[in-house]
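Each chain, letter by letter, is given below.
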Amino acid sequence: ALTTDETLKDFILPGGSRSADYAHFGRTVCRRAERALVALALEESVNDAPRQYLNRLSDLLFVLGRVLNRAGGRGDVLWQKRKNA
């Protein structure tokens, strides 16, 4: 499991185990929905609770993806300058 004293030093890319892939994909959907809500809020009055919920859900899915990779015996897929381009 992840501990609270671990700080991220690299960007984590989506990938790893199949279950982690699904968690990372779900996170991208949440982030897209959050951006759509922010754009909508520029046009009309919108309650802030759904945006906050989507933001927390995307955070949860990010951590879940990392935990699932570790549980599956895989590490995080790290971004590496020049290699992932």
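This structure is a prediction, so every number in the text was calculated from the model and none was measured.

Asks: Outline the packing of aromatic side chains, supporting the account with residue identities and numerical values.
Replies: Using the criterion set out here, one finds one aromatic pair in the structure. Note on Phe 11 and Trp 79: the rings are 6.3 Å apart at their centroids and 85° apart in plane angle, and the pair reads as edge-to-face. Here Phe 11 is found in the segment before β1 (12-13), whereas its partner Trp 79 is found in the segment after β2 (77-78), with 68 residues between them in sequence. Note on Trp 79: relative accessible area 38%, which makes it partly exposed.

Asks: Tell me about the pattern of salt bridges, and please be specific about residues and values.
Replies: Side chains that differ in charge, positive against negative, can pair when their charged atoms come close. What the rule picks out here adds up to four salt bridges. Glu 34 is the salt-bridge partner of Arg 51, the closest N and O atoms lying 3.7 Å from each other. Residue Arg 51 is located in helix α2 (residues 49-71), and its partner Glu 34 is located in helix α1 (residues 18-43); the two are separated by 17 residues in the primary sequence. Between Asp 76 and Arg 66 there is a salt bridge whose closest N-O contact spans 2.8 Å. Of this pair, Asp 76 sits in the loop between α2 and β2 while Arg 66 sits in helix α2; the two residues are 10 residues apart in sequence, bridging distant segments of the chain. Looking at Arg 66, the relative accessible area reads 10%, which means it is buried. Here the salt bridges do not stand alone but share partners, grouping Arg 31, Glu 34, Asp 48 and Arg 51 into one network.

Asks: Let's hear about the environment of Pro 50: which residues, and what values?
Replies: Within the fold, Pro 50 resides in helix α2. The spatial distance from the C-alpha of Pro 50 to the C-alpha of Ala 33 is 9.7 Å, given a sequence separation of 17 residues.

Reading the values: rules and limits
- Residues numbered from 1 in each chain as written.
- Predicted model: local features only at pLDDT ≥ 70, side-chain atom pairs only at ≥ 80, totals over all residues.
- Heavy atoms only, no water.
- Phe/Tyr/Trp six-rings, centres within 6.5 Å; stacked < 30°, edge-to-face > 60°.
- Helix = DSSP H or I, 4+ residues; strand = E, 2+ residues; numbered from the N terminus.
- Buried < 20%, exposed > 50% of the residue type's maximum accessible area, 1.4 Å probe, protein only.
- Salt bridge = Lys/Arg side-chain N within 4 Å of Asp/Glu carboxyl O.

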